[in-house]
Number of protein chains: 2
Amino acid sequence: MFVTNDILGVRTDMPLPHEVAKEPAEPSRAELFRRACRCQEVPRVPVWMMRQAGRYLPEYRELRAQHAFLEVCKNPDLAVEVSLQPYRRLGMDAVIVFSDILIPAEAMGLKLELGDAGPNLPEPVRCAADVAKLRIFDPEQETGFLPEAIRRLHRALGPGVPVLGFAAAPWTLACYMVEGRTREGFASVKSFLYEDPRTFRALLSKIAQATVPYLKAQIAAGAAAVQLFDTWCGELNLRDYQEFALPATQEVIRAVKSDATPVILYTKASHHLLPAVARSGADVLSVDWRVSLRELRALAGPRIAIQGNVDPAVLFAPAEKIRSAVAEAIGELQGTGHILNLGHGILPATPVENAQLFIRTGQSTPIRPEQPVKQR
Amino acid sequence: MFVTNDILGVRTDMPLPHEVAKEPAEPSRAELFRRACRCQEVPRVPVWMMRQAGRYLPEYRELRAQHAFLEVCKNPDLAVEVSLQPYRRLGMDAVIVFSDILIPAEAMGLKLELGDAGPNLPEPVRCAADVAKLRIFDPEQETGFLPEAIRRLHRALGPGVPVLGFAAAPWTLACYMVEGRTREGFASVKSFLYEDPRTFRALLSKIAQATVPYLKAQIAAGAAAVQLFDTWCGELNLRDYQEFALPATQEVIRAVKSDATPVILYTKASHHLLPAVARSGADVLSVDWRVSLRELRALAGPRIAIQGNVDPAVLFAPAEKIRSAVAEAIGELQGTGHILNLGHGILPATPVENAQLFIRTGQSTPIRPEQPVKQR
């Protein structure tokens, strides 16, 4: 199938990467991704990049010059176009739908502004009454643009390319909801937690309850896997993480994951939390560049897959360094239960050719020395 | 001795906290601090707060309304006044001189702007020629205001109160020098490191060479101990930390530390680096709230003292939580080789009475259940 999205007047009627002829024996991207999530044997590791639809792509910047960020999220034509841009160009092994982790905050009833100075919630959640006002929303009614974008992506890409859905982990969404704009020391959210732990747990639980149908709607629309982003978990010490953030994350994962649909949990700056993160129930743990993947495997066991973890700053380095960073990441797990990714979102100023090199190198790196993979 | 600094027209001719009568058997603050740094027995843990001279104090805000930040750093009258403000009010066990970690960057030849949007170095270091231009400066000539402020503090406070000097660790100063204003993903400093590791090492080494006399001048002026701030070390993975940041830090510590003057090394978000940090040579390791002090002691051994590590956000919590956080931090090390502090700088919006409670609770907490300490 050809994608003929003409929003930008850009010619997009070229075959997509997976439509180009390949060895018949090679599994599809979807199959590769599924096997990696299940720690099954693969001929090579699948690779994608967090925030792969983003400002490092000139075609993205061009589209964003005409459309505000939230407009792109809420218009399935635009969201699909932006989601496909990196895939057309770089042919990674998964296409994550373009959206924002704060969409559910708005759907739960909070005003949301996404400006150049970062996200702002001008009426933050600060007390029990604020928590009580938050709504568990119907994702098809209130955020229908997101499952619709996933349906269209899934149709455009066919069954051979996995489409990924996502949401914030409850603690991270709570950080935005409580802090509003500023997050200096995360003082507002932590003092809420310390002053009124019961109400704060109610907030986390309410976010979890809203996140479950939100993710299920994405899965029903065709998401092959979903990722929870716990970007701010690293601000907590181990005890508070275990007492507050982890139970809400576990609640979401338990309700959402199935044999058909793995759940990926991304945790940033989480080195001190890993023993707890490993008990999250997630099928895949996605970590940043400060974690040794080998040590994480030893900690989490052979049934939990691992995603990561090249430092996004490495994509500013010479080609040689990018290649060696990819080889090292793959070497740590020897290709078993590993999805190659960055340790955090790709940075806006990243040279496109370096992103390309990252993907291409990941896809052509043999997972064991004796198993060379054909260059693409 | 009375301090009669009238810059603000504020009445400051009150006795300082240590001049108020006390039990003759109690060691002075300076003695307490020295013993804690050396892991010797103490009747209670000493306590101070990073960034204790700062915006949470109304008298600081009042002075800053009349004087720019750099002006305060460079005027010993103002720097002494601001350094003494928290001591007068809260009576902590150490007085850190008011200054900024970027002062040496300017003295090495870089333009420096410290505005409301954070520090800016408009002509950042990006290549070997830029590194070559950096000067090893004479600290008494170029930054004489700082040793002068320490001399005056030392005179004002007498031998019973330790005055602390400080500097950035080389990696952290390099981050500011190379990034300039933005630090999104630390891409500039890391790509410098990856592209030209040799020149980057030369930069770190040059910073180390400039930092040694800078700290020695502070010690000669009367600093009882000096602290290195490695605020950004947590951005590095363990290998890069060991290959780049650590050797330069070790170089400074080796040259500066002596029997008379301990060196404290503060590392933020360093959980993944601790085995290397423990080899820094520092007499005291200062860590944030994500580190278990007990585990750090097990790792670093009984001869390295530990400073920290209450989350600054806890100072927004109810009194009970502040008290229990202090008791837990002290309980972790049972008072041996421990300087109580926050895990990072006190936050600007912290209520003064909570800072006071932190100090008072720390000073009156028995280090072992059977050794009650008299309430101050």
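The sections below set out a description of the structure shown in this document. (Residues numbered from 1 in each chain as written. Chains lettered and ligands numbered in written order. Predicted model: local features only at pLDDT ≥ 70, side-chain atom pairs only at ≥ 80, totals over all residues. Heavy atoms only, no water.)

## Structural notes on the overall build of chain A
Selection criterion: Secondary structure elements follow DSSP: runs of H or I of four or more residues count as helices, runs of E of two or more count as strands, with numbering from the N terminus. Just to be clear, the radius of gyration here is over C-alpha atoms, and the globule rule we use is 2.2 Å times residues to the power 0.38. Per-residue accessibility, obtained with a 1.4 Å probe over protein chains only, is compared with the maximum for each type, and a residue is labelled buried under 20%, exposed over 50%, and partly exposed between these values. Using the Shrake-Rupley algorithm and a 1.4 Å probe, accessible areas are obtained, with residue cover drawn only from the displayed protein chains. Residues scored as charged are limited to Lys and Arg (positive) and Asp and Glu (negative), so that His and the chain ends carry no count. Charge positions are represented by NZ for Lys, CZ for Arg, CG for Asp and CD for Glu.
The helix and strand inventory of chain A stands at 16 helices and nine strands. Taking 21 Å as the expected radius of gyration for a compact globule of 376 residues, we find that chain A reaches 20 Å, a close match to that expectation. When the backbone C-alpha atoms are referred to their principal axes, chain A occupies close to 60 × 50 × 40 Å. The buried share of chain A, taken over its 376 residues, is 62%. About 14100 Å² of surface is accessible on chain A, with carbon and sulfur atoms providing 51% of the total. Looking at chain A, you have 43 positive and 42 negative side-chain charges, and the mean spots of the two groups are 3 Å apart.

## Remarks on the side chain of R290 of chain B
Here is the rule: Polar contact criterion, stated in full: a pair of N or O atoms within 3.5 Å, where within protein one must be able to donate a hydrogen and the other to accept it, and residues adjacent in sequence count only if both atoms are side-chain atoms. Here, residues are in contact when the closest pair of their heavy atoms is within 4.5 Å.
Residue position: R290 of chain B is located in the loop between β7 (284-286) and α14 (293-300). Since its relative accessible area comes to 10%, R290 of chain B is described here as buried. Among the polar contacts listed, one links the side chain of R290 of chain B to the backbone oxygen of G234 of chain A, at a separation of 2.9 Å. Within the structure, R290 of chain B has its side chain in polar contact with the side chain of D288 of chain B (distance 2.8 Å). The contact partners of R290 of chain B, leaving out residues within four places of it in the chain, are G234, E235, L236, N237 and H272 of chain A together with K268, A269 and H271 of chain B.

## Notes on the packing of helix α10 (residues 187-195) of chain B against helix α11 (residues 197-220) of chain B
Helix-helix packing: each pair is described by the crossing angle between the helix axes and the interaxial distance. All names here are of chain B. Stated formally: In this analysis, axes come from line fits to C-alpha atoms, helices being fitted only over the stretch in contact, and the angle between any two N-to-C directions falls in the range 0 to 180 degrees. Angles below 35 degrees are treated as roughly parallel, those above 145 as roughly antiparallel, those between 65 and 115 as roughly perpendicular, and all remaining angles as oblique. Only Asp, Glu, Lys and Arg are considered charged in this grouping, and only Ala, Val, Leu, Ile, Met, Phe, Trp, Tyr, Cys and Pro are considered nonpolar; every other residue, Gly among them, is considered polar.
It is at 5 Å that the axes of α10 and α11 come closest, and there the two elements cross at 120°. Between α10 and α11, the interaxial angle falls into the category oblique. Contacts between α10 and α11 involve V189, F192, L193, Y194 and E195 on the former and, on the latter, P197, T199 and F200. The residue makeup of the contact of α10 with α11, split by class, is six nonpolar, one polar and one charged.

## Description of the sheet that holds strand β1 (residues 95-96) of chain B
Residues and elements named next belong to chain B. For clarity, the cut-off: Any two strands with at least two DSSP bridges between them are considered paired.
Across the sheet, which stays open at both edges, the seven strands sit in the order β1-β4-β5-β6-β7-β8-β9 with parallel pairing between neighbours. Edge strands, defined here as strands with exactly one partner in the open sheet, are β1 and β9 (338-342). Relative to strand β4 (residues 163-168), β1 runs parallel, the two being bridged by two bridges. Bridge assignment links V95 to a residue of β4, and that residue is V163. Those strands touched by α11 are β4 and β5 (225-230), and its axis lies near 170° from that of β4. Contacting β8 (305-310) and β9, helix α15 (residues 319-333) runs over the sheet at an angle of about 150° to β9.

## Notes on the relation of the copies chain A and chain B
Keep this limit in mind: Here the copies are matched by least squares. The fit uses the C-alpha atoms of residues with pLDDT of at least 70 in both.
Of the transformation superimposing chain A on chain B, the axial component is 0.0 Å and the angular component is 180°, with the fit at an RMSD of 0.0 Å. In the structure described here, the two chain copies are related by an operation that fits a two-fold rotation axis. In terms of C-alpha distance to the rotation axis, chain A has H271 of chain A as its closest residue, with the C-alpha 3.2 Å off the axis. Both copies share a contact surface, since 97% of the interface residues of chain A are interface residues in chain B too.

## Observations concerning the environment of L57 of chain B
Residue and element names in this part refer to chain B. Structurally, L57 is set in the loop between α1 (29-37) and α2 (58-66). What makes L57 buried here is its relative accessible area of 0%. Between the alpha carbons of L57 and R89 there is a distance of 9.3 Å; along the sequence they are 32 residues apart. Aside from chain neighbours lying at most four places away, what touches L57 is Q52, Q85, P86, R89 and V352.

## Considerations on the interface of chain A and chain B
Quite often, the size of an interface is put as the accessible area lost when its parts meet. Just so we agree on the cut-off: In short, buried area is how much 1.4 Å probe accessible area vanishes from two parts on joining, totalled over both. One speaks of a salt bridge when a side-chain nitrogen belonging to Lys or Arg is within 4 Å of a carboxyl oxygen belonging to Asp or Glu.
Counting from both sides, the interface comprises 29 residues of chain A and, opposite them, 28 residues of chain B. Between chain A and chain B, the buried area comes to about 2400 Å², and carbon and sulfur atoms account for 58% of it. The interface formed by chain A and chain B includes six salt bridges. Residue K190 of chain A is joined to D311 of chain B by a salt bridge in which the shortest nitrogen-to-oxygen separation is 2.7 Å. Linking chain A with chain B are nine residue pairs in polar contact (both at pLDDT 80 or more).

## Overview of the pattern of salt bridges
Applying the stated criterion to the full structure yields 38 salt bridges over all chains. Across the pair K111 of chain B and E123 of chain B runs a salt bridge whose closest N-O atoms are separated by 2.8 Å. A residue pair is termed long-range when its members are at least 10 positions apart, and K111 of chain B in the loop between α5 (103-107) and β2 (113-115) and E123 of chain B in the loop between β3 (118-120) and α6 (128-133) qualify at twelve residues. The network of salt bridges with common partners includes D77, E140, E148, R151 and R152 of chain A.

## Here we look at the packing of helix α2 (residues 58-66) of chain A against helix α4 (residues 76-90) of chain A
Residues and elements named next belong to chain A. Spelled out, the test is: A crossing counts as left-handed when the near helix is turned anticlockwise from the far one by less than a right angle, and as right-handed when that turn is clockwise.
The geometry of α2 relative to α4 is characterised by a closest axis approach of 9 Å and an angle of 165° between their N-to-C directions. By the angle between their directions, the pair α2 and α4 is classed as roughly antiparallel. For α2 against α4, the interelement crossing comes out right-handed. Contacts from P58, E59, Y60 and L63 in α2 reach L78, E81, V82, Q85 and R89 in α4. A per-class count over the contact of α2 with α4 returns five nonpolar, one polar and three charged.

## A short note on the sheet that holds strand β4 (residues 163-168) of chain A
Residue and element names in this part refer to chain A. The sheet built from seven strands is open, its strands ordered β1-β4-β5-β6-β7-β8-β9 with parallel pairing. Two strands close off the open sheet at either side, each with one partner strand: β1 (95-96) and β9 (338-342). The pairing of strand β7 (residues 284-287) with strand β8 (residues 305-310) spans three bridges and is classified as parallel. Residue pairing in the sheet places S286 in a bridge with Q307 of β8.

## Here we look at helix α16 (residues 352-364) of chain B
A turn of α-helix holds 3.6 residues, and therefore any two residues three or four places apart point the same way. Residue and element names in this part refer to chain B. The following threshold applies: An expected span of 1.5 Å times one less than the residue number is assigned to each helix.
Helix length check: α16 (13 residues) gives 18 Å between terminal C-alpha atoms against 18 Å at 1.5 Å per residue, within 8%. Of all 13 residues making up α16, ten are buried, and the element is well covered by its neighbours. Every buried residue belonging to α16 is among V352, N354, A355, L357, F358, I359, T361, G362, Q363 and S364, and all of these are buried. Looking at the packing, one finds that the buried side of α16 touches α1, α2, α4 (76-90), β8, α15 and β9.

## Digging into the packing of aromatic side chains
To be explicit about the condition: Pairing of aromatic rings covers Phe, Tyr and Trp, the last counted by its six-membered ring, and requires centre-to-centre distances within 6.5 Å; plane angles under 30 degrees mean stacked, over 60 mean edge-to-face, and any other angle means tilted. Here, a charge over a ring means that NZ of Lys or CZ of Arg falls within 6 Å of the ring centre while also lying within 35 degrees of the ring normal.
For the structure shown, the criterion picks out 20 aromatic pairs over all chains. Taken together, the ring pairs connect W171, F192, F200 and F244 of chain A into an aromatic cluster. Seen from the ring of F244 of chain B, R201 of chain B lies directly overhead, with NZ or CZ sitting 4.3 Å from the centre. Positioned above the aromatic ring of W289 of chain B, the side-chain terminus of R290 of chain B is 4.3 Å from the ring centre.

## Comments concerning the layout of surface pockets
For clarity, the threshold we go by: Note on definitions: the grid is 1 Å and covers protein atoms alone; a cavity is a set of points where a 1.4 Å probe fits but cannot get out; a pocket is an open set with protein on both sides within 12 Å along at least five of seven lines; lining residues have an atom within 4 Å of a point. Grid points are joined across faces, edges and corners, and a volume is the space filled by probe spheres set on the points.
Empty space within the second largest pocket amounts to approximately 760 Å³. Lining the second largest pocket are 31 residues, with N237 and L238 of chain A together with R290, V291 and S292 of chain B positioned closest to its centre. Per-element accounting of the lining of the second largest pocket gives the leading share, six residues, to α15 of chain B. Looking at the lining of the second largest pocket residue by residue, the classes come out as 13 nonpolar, eight polar and ten charged.

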